[in-house]
Amino acid sequence: MTREEKDRVEYIASNFQFEGKLMGLIPWGNGHINDTYLLTYGIGKMGYIRVILQRMNKNVFPHPVELMENIVNITTFLHKKIEENGGDPYRETLNVIPAKDNMPYYKDSDGDYWRAFVFITDASSYDMVEKPEDFYQSGLAFGKFQCLLADFPAEKLHETIADFHNTKRRLSNLKKAVEEDVAGRANEVSREIQFVLDRESDAGFFVDLIDKKELPIRVTHNDTKLNNIMIDNYSGQGICVIDLDTTMPGLAAYDFGDSIRFGASTAKEDEPDLSKVSCSMELFEAYTKGFIEGCDGRLTRRELELLPMGAKMMTYECGMRFLTDYLQNDIYFKTSREGHNLDRARTQFKLVEDMESKWEQMCRIVKKYIK
Ligand code: ADP
Ligand code: GN1
Ligand code: MG
């Protein structure tokens, strides 16, 4: 981190309701969207307290005030429920720390919005599953999250990113990016583009079911990757669902599917060596078991039967999004090397192919857990 960035973040921090003396400040986590920092404060003789400070990505979130309204509403709701159930509301949900003017964000002179959260102690987030049990625990926690929000008034939620999981729209965005070809990269990725077009008829699958009102709309997280859940360092339980920026009305299949595309892979999301990338059926089963248990009988039979399709769709869609970003000169996802988004797109397409070849097995596994 440069001196300039450090000074900037320190200045921003001075606008929040933090107490004590700032002892440490480092960049934190591996998110693709926001800039996250971990700050450590010394509070007299009481020891150290850590907090998370984030610069929200203004390119991705055009309405940060509405977004923070969502987060305050969701976390206040969850905080109360967890307290009523005898849990620890400062570890099992995010808690917003307000700015000095009592707003849930601080707007700086560049027009950037910042927010702060209580740090979830003694827990870690992972970029790859280390043992199937952790993935089972993460399924359980994401399932429970959906369950806890089942009676949240969905009409209170703003749509933070329009058409977030509208795969049909994502496909038209890709086609537009191919046509415009602003970075002159379309020729180089003609195979990947063709891969997407070959499956074009799948893109409208969920969108059409929603239009026909054939699936229940629930409050879902919509970005359920493994590093958006904190796993307790001692008990191994998934204790807190974080990164609530895209929590809004959606389908159960989206939350199931996005977890699978990231966590059931045998390699990292950006692995350049595709021979390492496949969808592990052991991990698929671990997550399926956890998610269905966590949803506690709330999902309809049709929703359950569509979980494998959710996995394929979220992977296909995410591949399209990475490819689109590559064609648009990497303006959305953070990248740290040449061709980073292309490597990511390729892993997703390899996973889609692998899921297609394991389709019957995926359906059999899900059926096993339908009561
Ligand atoms: P992004 O939208 O960029 O993915 P996240 O909100 O997911 O940002 O935060 C990035 C990472 O920072 C997470 O994966 C997690 O490791 C860490 N993190 C975020 N919030 C907290 C928190 N309240 N306590 C502990 N770690 C956190
Ligand atoms: C982003 O914010 P993060 O890193 O948890 C993205 C997801 C993608 C994911 C791919 C708001 O998630 O939709 O699936 O990257 N979040 C947003 O890794 O676009
Ligand atoms: Mg995240």
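Rules used in this analysis
Residues numbered from 1 in each chain as written. Chains lettered and ligands numbered in written order. Predicted model: local features only at pLDDT ≥ 70, side-chain atom pairs only at ≥ 80, totals over all residues. Heavy atoms only, no water. Domains from an automatic or database assignment. Buried area = accessible area lost by both parts, 1.4 Å probe. Salt bridge = Lys/Arg side-chain N within 4 Å of Asp/Glu carboxyl O. Polar contact = N/O pair within 3.5 Å; in protein donor to acceptor, adjacent residues only side chain to side chain. Helix = DSSP H or I, 4+ residues; strand = E, 2+ residues; numbered from the N terminus. Nonpolar A, V, L, I, M, F, W, Y, C, P; charged D, E, K, R; others polar. Near = heavy atom within 4 Å. Areas by Shrake-Rupley, 256 points an atom, 1.4 Å probe, with all protein chains shown as cover. Donors = N, O, S within 2.8 Å, 3.2 Å for Na, K, Ca; no water. Buried < 20%, exposed > 50% of the residue type's maximum accessible area, 1.4 Å probe, protein only. Axes fitted to C-alpha atoms, helices over the stretch in contact; angles between N-to-C directions. Parallel < 35°, antiparallel > 145°, perpendicular 65-115°, else oblique. Left-handed = near helix turned anticlockwise from the far one by under 90°. Contact = heavy atoms within 4.5 Å. 1 Å grid on protein atoms, 1.4 Å probe; cavity = no way out; pocket = protein on both sides within 12 Å on 5 of 7 lines; lining within 4 Å. Points joined across faces, edges and corners; volume = space filled by probe spheres on them. Arc of directions from axis to C-beta. Expected span 1.5 Å × (residues − 1).

**Q** Would you explain the domain arrangement of the protein in this entry?
**A** Many authors give the size of an interface as the accessible area that is lost as the parts come together. According to the domain assignment, the protein consists of domain 1 (3-120) and domain 2 (132-369). Of all residues in domain 1, H32, N70 and I74 bury the most surface against domain 2, accounting for 25% of the area lost on that side. Scanning the region where domain 1 abuts domain 2 turns up four salt bridges. Here D151 makes a salt bridge to K81, at a shortest N to O gap of 2.8 Å. Applying the counting criterion to the domain 1 and domain 2 interface returns twelve residue pairs in polar contact (both at pLDDT 80 or more). The element that contributes the greatest number of residues to the side of domain 1 that touches domain 2 is helix α2 (residues 64-84), accounting for eleven residues. Classifying every residue of the side of domain 1 that touches domain 2 gives eleven nonpolar, eleven polar and seven charged.

**Q** Where do I start with the site of ligand 2 in this structure?
**A** Residues in contact with ligand 2 amount to 19 residues; listed here are only the nearest, H32, K225, E269, R321 and Y332. Between ligand 2 and the protein, one listed contact pairs an oxygen atom with a side-chain N or O atom of D243 at 3.0 Å. Considered on its own, ligand 2 offers 440 Å² of accessible surface; in the complex 97% of this is hidden by protein. Elements with a minimum of two residues in the shell around ligand 2: α7 (252-263) and α10 (307-327). Broken down by element, the residue count for the shell around ligand 2 peaks at three residues, all from α10. Broken down by class, the residue content of the shell around ligand 2 amounts to eight nonpolar, four polar and seven charged. Each of two domains, domain 1 (3-120) and domain 2 (132-369), supplies a minimum of three residues to the shell around ligand 2.

**Q** I'm lost on the coordination of the magnesium ion (ligand 3) in this one. Help?
**A** Think of it this way: four donors in a tetrahedron around the metal ideally sit 109.5 degrees apart, and six in an octahedron ideally sit 90 or 180 degrees apart. Looking at the magnesium ion (ligand 3), one finds its protein donor set to be N228 (OD1) and D243 (OD), positioned 2.2 Å from the metal centre. Residue N228 is found in the loop between β8 (218-220) and β9 (229-232), and its partner D243 is found in the loop between β10 (238-241) and β11 (248-250); the two are separated by 15 residues along the sequence. In this structure N228 comes out as buried when scored by relative accessible area, which is 4%.

**Q** I'm lost on the packing of α7 against helix α8 (residues 281-295) in this one. Help?
**A** Think of two packed helices as two axes; the pair is described by the angle between the axes and how far apart they sit. Relative to each other, α7 and α8 sit at 150°, their axes nearing to 10 Å. Between α7 and α8, the angle falls in the class roughly antiparallel. Considering only the axes of α7 and α8, their crossing is right-handed. In this structure, α7 contributes A252, D255, F256, S259, I260 and G263 to the contact, and α8 contributes L283, F284, Y287, T288 and F291. Class assignment for the residues of the contact of α7 with α8 results in seven nonpolar, three polar and one charged.

**Q** Help me understand the environment of I71, please; the structure alone is not making it clear to me.
**A** Along the polypeptide, I71 turns up in helix α2. For I71, a relative accessible area of 1% gives the class buried. Once the C-alpha coordinates of I71 and E179 are considered, the two residues, 108 residues apart in sequence, prove to be 37 Å apart. Filtering out sequence-adjacent residues up to four positions away, I71 remains in contact with V96, R115, F117, L244 and D245.

**Q** Help me out: how do you make sense of the site of ligand 1 in this one?
**A** Lining the immediate environment of ligand 1, one finds 20 residues, of which N34, Q54, I120, S125 and N227 sit closest. Within the backbone of I33, an N or O atom sits 3.2 Å from an oxygen atom of ligand 1. Within the side chain of S125, an N or O atom sits 2.7 Å from an oxygen atom of ligand 1. Here ligand 1, which alone exposes 550 Å², has 96% of that area covered by the protein. For the shell around ligand 1, the secondary structure elements donating two or more residues are β3 (48-55) and β6 (113-118). Of the residues that constitute the shell around ligand 1, the class distribution is ten nonpolar, nine polar and one charged. Shared between two domains, the shell around ligand 1 takes at least three residues from each, and those domains are domain 1 (3-120) and domain 2 (132-369).

**Q** Sorry, what's going on with empty space enclosed by the protein here?
**A** A water-sized probe, rolled over the atoms, reveals where empty space remains. In this structure the tally under the stated criterion is two cavities of 30 Å³ or more. The calculated volume of the largest cavity comes to roughly 40 Å³. Lining the largest cavity are F206, L215, L251, A252, A253, E303 and L306. By residue class, the composition of the lining of the largest cavity is six nonpolar, no polar and one charged. Of the pockets and cavities examined, the second largest cavity occupies roughly 30 Å³. Lining the second largest cavity, in full, are R261, F262, S265, A267, K268, E269, T347, Q348 and L351.

**Q** Got a minute to help me understand helix α5 (residues 190-198) in this structure?
**A** Each α-helix winds once per 3.6 residues, and so residues spaced three or four apart point in a common direction. What α5 keeps buried is the set E192, I193, F195 and V196. Projected down its long axis, α5 carries its buried residues within an arc of 155°, all on one side. Residues of α5 that are exposed and point more than 90 degrees away from the buried face comprise R191 and D198. Structurally, α5 contributes buried residues whose contacts are with α4 (167-180), α10 and α11 (340-357).

**Q** How should helix α3 (residues 132-148) be read in this particular structure?
**A** The terminal C-alpha atoms of α3, which comprises 17 residues, lie 24 Å apart, in line with the 24 Å expected from a rise of 1.5 Å per residue. Counting buried residues along α3, 13 of its 17 residues qualify, which places the element largely inside the surrounding structure.

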